[in-house]
Every structure is written in C-alpha cells, then in structure tokens.
Amino acid sequence: MGLRRSGKSSISKVVFHKLSPNETLFLESTSKVVKDDISNSSFVQFQIWDFPGQIDFFDPAFDSDHIFGGCGALIFVIDAQDDYRDALVRLHQTVTRAYQVNQSIKFEVFIHKVDGLTDDRKIEAQRDIHQHATEDLSDAGLEGIHLSFYLTSIYDHSIFEAFSRVVQKLIPQLPTLENLLNILISNSGIEKAFLFDVVSKIYIATDSSPVDMQSYELCCDMIDVVIDVSCIYGLRDDVDGTAYDQHSLSIIRLNNGTILYLREVNRFLALVCLLREDVFERQGLIEYNFHCFREAIQEVFDIRRKAMMATPSSASARDSP
Ligand SMILES: Nc1nc2c(ncn2[C@@H]2O[C@H](COP(=O)(O)OP(=O)(O)OP(=O)(O)O)[C@@H](O)[C@H]2O)c(=O)[nH]1
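All values derive from a computational prediction rather than experimental measurement.

Conventions used here
Along every chain, residues carry numbers that run from 1 in the direction the sequence is written. Where local features are concerned, this predicted model is filtered to residues with pLDDT of at least 70; where side-chain atom pairs are given and counted, the filter is 80 or more; whole-chain, interface and lining totals use all residues. The side-chain numbers reported here are obtained from all heavy atoms of the structure, hydrogens and water having been left aside. For helices the rule is a DSSP run of H or I covering at least 4 residues; for strands it is a run of E covering at least 2, with both sets numbered from the N terminus onward. Remark: exposure states derive from per-residue accessible area (1.4 Å probe, protein chains only) relative to the maximum for the residue type, with buried under 20%, exposed over 50%, and partly exposed in between. Here a polar contact is taken to be a pair of N or O atoms separated by no more than 3.5 Å, where protein atoms must pair a possible hydrogen donor with a possible acceptor and residues adjacent in sequence count only if both atoms sit in side chains. Every residue pair with non-hydrogen atoms within 4.5 Å of one another is taken to be in contact. Strands qualify as paired when DSSP identifies two bridges or more between them. Here the term right-handed applies to a crossover when the path leading from its first strand over the helix to its second strand runs clockwise, the strands being oriented away from the viewer. Consider each residue's heavy atoms; a residue with any of them within 4 Å of a molecule or strand counts as near. All accessible-area figures derive from a Shrake-Rupley calculation using a 1.4 Å probe, and residue coverage is judged against the displayed protein chains alone. As a working rule, the residues Ala, Val, Leu, Ile, Met, Phe, Trp, Tyr, Cys and Pro are called nonpolar, Asp, Glu, Lys and Arg charged, and the rest polar, with Gly in that last group. Here the expected length of a helix is defined as 1.5 Å per residue gap, with one fewer gap than residues. Here an angle of 0 to 180 degrees is reported between the N-to-C directions of two axes, which are lines fitted to C-alpha atoms, with helices fitted over the stretch in contact. Stacked, tilted and edge-to-face are the three classes applied to pairs of Phe, Tyr and Trp rings, where Trp contributes its six-membered ring and a pair requires centres within 6.5 Å; stacked means planes under 30 degrees apart, edge-to-face means over 60, and tilted covers the rest. Here a cavity means grid points, on a 1 Å grid over the protein atoms only, where a 1.4 Å probe fits yet cannot get out; a pocket means an open set of points with protein on both sides within 12 Å along at least five of seven lines; lining residues are those with an atom within 4 Å of a point. Grid points are joined across faces, edges and corners, and a volume is the space filled by probe spheres set on the points. Our angle categories are set so that under 35 degrees counts as roughly parallel, over 145 as roughly antiparallel, 65 to 115 as roughly perpendicular, and the remainder as oblique. Predictor confidence is given residue by residue as pLDDT, running from a minimum of 0 to a maximum of 100.

**A word on the side chain of Thr-96**
By the secondary structure assignment, Thr-96 is in helix 3 (residues 85-101). Looking at Thr-96, the relative accessible area reads 17%, which means it is buried. In this structure the side chain of Thr-96 is engaged in a polar contact, spanning 2.8 Å, whose partner is the backbone oxygen of His-92. Apart from residues no more than four positions distant in its own chain, Thr-96 is found in contact with Leu-137 and Leu-142.

**Notes on the pairing of strand 3 (residues 73-79)**
By the criterion of burial, strand 3 is predominantly enclosed, with seven of the seven residues buried. The side-chain alternation of strand 3 yields two buried faces, one formed by Ala-73, Ile-75, Val-77 and Asp-79 and the other by Leu-74, Phe-76 and Ile-78. The sheet contact formed by strand 3 and strand 4 (residues 106-112) spans seven bridges and is parallel. Following the sheet pairing, Ile-75 is matched in strand 4 by Glu-108. As for the winding sense of the linkage, the β-α-β connection from strand 3 through helix 3 to strand 4 is right-handed.

**Things to note about the site of the ligand**
Near the ligand, the surroundings consist of 21 residues, among which Lys-8, Ser-10, Ser-29, Thr-30 and Asp-115 are the closest. The separation between an oxygen atom of the ligand and a polar side-chain atom of Lys-8 is 2.7 Å. Within the contact set of the ligand, an oxygen atom lies 2.7 Å away from a side-chain nitrogen or oxygen of Thr-24. For the ligand, whose free accessible area comes to 660 Å², the fraction covered by protein is 93%. In terms of residues, the shell around the ligand owes the most to one element, helix 1 (residues 8-17), which gives three residues. For the shell around the ligand, the residue count by class is five nonpolar, 11 polar and five charged.

**Observations regarding helix 3**
Between its first and last C-alpha, helix 3 extends 25 Å over 17 residues, near the 24 Å set by a 1.5 Å rise per residue. At its buried positions, helix 3 is contacted by helix 2 (64-69), strand 3, strand 4, helix 4 (119-139) and strand 5 (147-151).

**Observations concerning the sheet that holds strand 3**
Ordered in space as 3-4-5, the three strands form an open sheet in which the pairing is parallel. Strands with a single pairing partner mark the edges of an open sheet, and in this sheet they are strand 3 and strand 5. Taking the axes of each pair of neighbouring strands and ignoring which way they run, one obtains an average angle of 25° across the sheet.

**With respect to the sheet that holds strand 8 (residues 249-253)**
Strand order in the open sheet formed by five strands is 7-6-10-9-8, with antiparallel pairing between adjacent strands. The two strands at the open ends of the sheet, each matched to only one other strand, are strand 7 (202-206) and strand 8. Taking the axes of each pair of neighbouring strands and ignoring which way they run, one obtains an average angle of 20° across the sheet. Pairing between strand 9 (residues 258-264) and strand 10 (residues 269-276): seven bridges, direction antiparallel. When the bridges of strand 10 are listed, Ile-259 appears paired with Leu-275. Relative to the sheet, helix 6 (residues 174-188) contacts strand 6 (192-197), strand 7 and strand 10, its axis offset from that of strand 7 by approximately 70°.

**Some remarks on the packing of aromatic side chains**
Here the structure, examined in full by the defined rule, presents 11 aromatic pairs. Ring centres of Phe-16 and Phe-163 lie 5.1 Å apart, and the angle between their planes is 85°; this geometry places the pair in the edge-to-face category. Taken together, the residues span a long stretch of sequence, with Phe-16 in helix 1 and Phe-163 in helix 5 (residues 158-169) at a distance of 147 residues. Measuring from ring centre to ring centre gives 6.4 Å for Phe-196 and Tyr-203, while their planes differ by 65°; the resulting arrangement is edge-to-face.

**Some words on empty space enclosed by the protein**
If you walk through the whole model with that rule in mind, you get two cavities of 30 Å³ or more. The volume enclosed by the largest cavity comes to roughly 390 Å³. Secondary structure elements with two or more residues in the lining of the largest cavity: helix 1, strand 2 (46-50), strand 3 and helix 5. No other element matches strand 2, which puts five residues into the lining of the largest cavity. Split by residue class, the lining of the largest cavity holds 17 nonpolar, three polar and two charged.

**Some thoughts on the packing of helix 1 against helix 5**
Axis separation between helix 1 and helix 5 bottoms out at 10 Å; the angle between their running directions is 85°. Considered as vectors, helix 1 and helix 5 are oriented roughly perpendicular to each other. Where helix 1 abuts helix 5, its residues Ile-11, Val-14, Val-15 and Phe-16 lie against Ile-159, Phe-160 and Phe-163. Along the lines of polarity and charge, the residues of the contact of helix 1 with helix 5 split into seven nonpolar, no polar and no charged.

**Overview of the confidence of the model for the protein**
On average, residues of the protein score 84 in pLDDT, and 89% of them reach the 70 mark or higher. Every residue in residues 314-321 is under pLDDT 50, and counting partners more than four places away or in other chains gives 16 contacts. Taken together, the chains of this predicted complex give a pTM of 0.84 and an interface ipTM of 0.96.

Structural data, given as structure tokens:
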C-alpha cells in the first residue's frame, strides 16, 4: 500500500516479473486491487495485493476484515523523493485500521526511490520517517505496534534484499533453515551461504553471520549468469527442458581468491555460497556436506507438505495477501 506513484506496482513487477527498472516508467496507474499469485517457489507461495494509491478506507466497498484478516505482511511504500507528510498520515491510518482487524500483521515500511538521494539524505529521511511514524502511533496509544523500515530502490539490489527480509518473516521454518545453513558453513569452512528462490532472487534464509550487500549482490549476479548461460547454451531444441534443473551447478573463481559456489537444492531453490579458494581444496567434503544439507531441506519440505495435506483449511490460506 502507499500513496499514488510511490512505486508499488514497480516493486512487484521488478521483483517478481523480471521487468527492467527503466520499463517501470511506462506503467499505468493502478485503478483497482491487483492480486498477483506468486507460486513460483515452493517456499515463496503467496499472493501480492497491489492497492491503488487513491484507495479510500471509508468507502463501504473497502472490506477491511477481508483484506487485512488473512494478511501476513503489510508493505507500505513511501516515496522518499517526494514530500512525505501526506504519506505519513496515510501510513498511520492504514496501520491503525489493519491492526484493529488483525494484530498479527507484520508492518513493513519501504522508504523508496532512495537512488535519487545522497547518503546523508537517506539517513535523514529514515530517521525522520521512523520518528514521526512511531510518535504518531504512541500518541494514539498504540506503542505495541512494531514497524520495520527499509531503504529501497528498484535500481539496485536493495529492493530484493528488503523483500527477502519481509518474506523471511512469513516463513515459519526459518529457524530450522538458518540452523541447517549454520551447520553447513561451520562444517565446510564456507564464509557465507544463502538459500535463494531462483526466480525472484529473494533469499529465503541465510546463516546467522551478518549479510553485507556486496556478498548478496555477487550471489544475485551469479544466479543471473547461470540462468542466462543455461538459457542460451544449455537448452536443446528437440527436448523440452528448463534452464534450471537438478544438474545446475556452477563454480566461479574471483580474482580476489574468493569462490562463488551454486548448487541446485530443489526445483525452486539454490544454495549460493562464498568461500576462500584454499578451503575449496576440500571440495569432496563440501559436496558431502551439501548432500546432507539437501536431504535435510527435503525433510523440512516433506513435513510441511504432510501438514498442509492434513489441514484442508491451509489450502484457503493461500488466498491471503
Ligand atoms: N527513481 C526511482 N523511481 C521509481 C522507483 N520505483 C518506481 N519508480 C517510478 O515511480 C513511478 C510510479 O511507479 P508505480 O509503480 O506506477 O507507482 P504506484 O505506487 O504503483 O502508483 P499507483 O498505481 O498510481 O498507485 C514510475 O515512473 C516508476 O518508474 C525507484 O526505486 N526509483
């Protein structure tokens, strides 16, 4: 949600539909709620509801119970290049209305279009928006609501990073996945490992060491290279196939002694790791640990699948934003 022209549709199109950021200039204004089914990954299965900027909460046609009742996360987009006073008022209205209906919603604020701002202005905008938004909530006696803030732009990887962190909050298996990644890296001498949803380049989990943007960008770029090369040179004309399958594997040596290592985990997920060249001499150990990791991930999926089959209502949960 967010005011008109704040960049909501652009975010959805760039992250989930591979639209090039420059092409968002030609997007038309959204006039009704657009529901986008994101079912390209086994973990990232949800719907994105893109609301038109001019939506009126007091319109009887706006069914808050239906809209917020099954909502997992509410992303509010603020255009940081514009005067954001109106956006702060709208943020407050939206959050209070949604919280009345559903107290378990995660509230995420994207301070967007920061590509046009200097580093100082970015920090200033974040501090200002954070301060005003939380003050407004505490003035209304709603200190219990937690808002998370992200500086984003569709012109770099920040939007993918921010979306990754939002999606992770909606994955109940996250602690298990993090734990498995921690075990993998500590037993293999890997420096950083990400579990990526290949299509969207969202990372659904990483080990518990801090994420630095440069590593994340490198891993995203590696996925692009692997998929592009596979699409161009890996597909046969006479056989139906996909650019990403169980044989997908890539090792890229960088000139600074770092290795990028990508392995297919399942149809949708890839493990992408950064490790030092000397550690990679024990490639056999890394391969062995990877196989154990892949089996464990499979078990996590199986448990989830069985749980979903046992509760018929879970099928309707996918009709939620
Ligand atoms: N500089 C910059 N421009 C952006 C960014 N994201 C979106 N835009 C531009 O912002 C304009 C509005 O984007 P939309 O995605 O249509 O905005 P919206 O919030 O969906 O608008 P409504 O449908 O009217 O509610 C477009 O011209 C985009 O190119 C960004 O990160 N940086």
